[in-house]
Every structure is written in structure tokens, then in C-alpha cells.
Amino acid sequence: MSRWRCECAYDGTPFAGWQSQTGGTAIQDVIEARLAQIFKTQIRIHGSGRTDAGVHARAQVFHFDAEWTHGTGKLLPAMRVMLPPQIQIKSVRRASAEFHARFSATGKRYDYFVHLGDADPFTRPYCWPVFRPLDLDAMEACAAELRGTHDFRAFSALNGTEREDTVRDLRRLEIVKRGRMIRITAEANGFLYKMVRSLVGVLVPAGEGRISSMQVREILAGRKRVPLVQTAPPQGLFLTKVYY
């Protein structure tokens, strides 16, 4: 039995997120269905983490265990056949038995795209159109409060699970504007449930003048979700890289 490490990209628009769902409408379900056709048995895949419905990935990593006797080079094209066009298997290679897509990861990078004003039909599914001017200096002041090692419970949607460790090292939170598009890059040793969308959900209101850096500092210190912390729409979020 061999362990296979795979990387895939997907447009999350038509799917119910990464994690398997009743009805088989998640990305995991689609890939597992294709593997079942190839190996003639049910194969369970393990991803580096979940992405919500509507969230995209450029480099999601997953692994599975199976015996393949036709040469490593033939597995990738076999997996690509019959997948929907919104999912691409980018690479497949053998991994050690100790490798785990989730537990071996040392960090992740997400990119979130905000569009200033209305976006065209080819851009709109992959960004958050914002119709007010944004003050990038105010956004950066809030980002400076958030960077570093903190308890990010207030920026998650954990529904009161007190025992979960909510301390994360947010080693990068970068805001870059090019034309009408703003890219917010978040990189950390790990992320809580909906944490990136919650970070964006305070940075954008900060740019609109509705939240100050002092308020962000207080929210972070308070360790409690408050109405000021919005959850940004899913379609602007991309899982860009998983670090090992």
C-alpha cells in the first residue's frame, strides 16, 4: 500500500465546500468518486484543511492510501479524466507513510481579493466588490495590530468551543493595491474556522472609516466575537499555498 500526496486547484463556486457532504456536492466527494472508479473500491482522501462553500484553491493538498501498479506517471492523467472543469489535479507523487496533508503542514497562505466598485462578469465570481473608497493607510494600521502571535478567538466562528487552542502566529498580513483590485494576503502557522474572512471583515470596514485600529486591538484582546467583526463573502478567498 502506497501513500499518495496530491495537489489540486478548484473553482469553489458550484460546490458545497471541500469537506464531504450528504448528496456528494463537495469537492472531496467528487475526487473520491473518481478514485473509486480508478481503484474499484472506496478511497478516503484527507485534505490539508476545509474550505467553505464558494471558496477557491490554487494549491489544496490531500493524501490517500492505495496500491497502484501501472507506474506513477499514469496516475495523474487517470485522476484528471472525467473530473468537472472546475477541479484540476495538479500533481501526484508518492509520499512517506508518515506524511499527513493536514498534520504535517507547517503553515498556509490565503489571498483575498477586494474590487473597488463593480467588477465585470469574469471578475465578480472571484472577488468582493466594495462600492465605497477604502483608506489603505487605515487598513494597514489595523493589519499592524493583527500581525504576530495572538489569541484569535474573536476572529473565528467557533460557536463557543472554549477548549480549542485559538492562538495563532499570523506572520504575514499584507495589503497590496493594483488598479481597482486589492489583494489581502494572510499567512500563518494555521487558521481558525472563517478566520481569514473575519480578518478581511474588519480590514475593509477599517478602510471605510467604520472601525479604528484601537477598536481592532480591543476586539483582539477581548477574545470574544462581536458584531463589528463581519465575515467577508466567500468568493474572494483563495487557498494559495500549504507549507510543509
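Everything discussed here concerns the structure shown above.
Residues numbered from 1 in each chain as written. Predicted model: local features only at pLDDT ≥ 70, side-chain atom pairs only at ≥ 80, totals over all residues. Heavy atoms only, no water.

Undergrad: Which residues make up helix α1 (residues 27–39), and what are the values?
TA: Each α-helix winds once per 3.6 residues, and so residues spaced three or four apart point in a common direction. Taking 1.5 Å of rise per residue, the 13 residues of α1 would be expected to cover 18 Å, and the 18 Å separating its terminal C-alpha atoms lies within 8% of that figure. Counting buried positions over the 13 residues of α1 gives ten, a clear majority of the element. Within the span of α1, buried status applies to I27, Q28, D29, V30, I31, E32, R34, L35, I38 and F39. Tucked inside the fold, the buried residues of α1 contact β1 (2–10), β3 (56–66), α2 (72–80) and β4 (87–95). Following α1 by one or two positions, K40 has its phi on the positive side, about 60 degrees. (Helix = DSSP H or I, 4+ residues; strand = E, 2+ residues; numbered from the N terminus. Expected span 1.5 Å × (residues − 1). Buried < 20%, exposed > 50% of the residue type's maximum accessible area, 1.4 Å probe, protein only. Contact = heavy atoms within 4.5 Å.)

Undergrad: Would you mind going over the pairing of strand β10 (residues 237–243) in detail, with residue names and values included?
TA: Most of β10 is tucked away, with five of its seven residues classed as buried. Pairing analysis gives six bridges linking strand β5 (residues 107–116) to β10, with the strands arranged antiparallel. When the sheet's bridge partners are listed, Y112 is paired in β10 with L237. (Pairing = 2+ DSSP bridges.)

Undergrad: A description of unusual backbone geometry should follow, citing residues and the corresponding values.
TA: At K194, a residue that is not glycine, the phi angle is positive and equals roughly 60 degrees. Relative to the assigned elements, K194 resides in the loop between β9 (181–188) and α4 (195–207). If you check the backbone angles, R223 has positive phi at about 55 degrees while not being a glycine. For R223, a relative accessible area of 37% puts it in the partly exposed group.

Undergrad: So what about the packing of aromatic side chains? Which residues, and what values?
TA: Applying the stated criterion across every chain yields a total of ten aromatic pairs. Where Y110 meets F191, the ring centres are 5.2 Å apart and the plane angle is 90 degrees; that geometry is what we call edge-to-face. Taken together, the residues span a long stretch of sequence, with Y110 in strand β5 and F191 in the loop between β9 and α4 at a distance of 81 residues. F191 shares its class with Y110; the two are buried. Here the aromatic residues Y10, W18 and F62 are joined through ring pairs into a cluster of three or more. Here the guanidinium or amino end of R58 rests over the ring plane of F238, the centre of that ring lying 4.4 Å away. (Phe/Tyr/Trp six-rings, centres within 6.5 Å; stacked < 30°, edge-to-face > 60°. Lys NZ or Arg CZ within 6 Å of the ring centre and 35° of its normal.)

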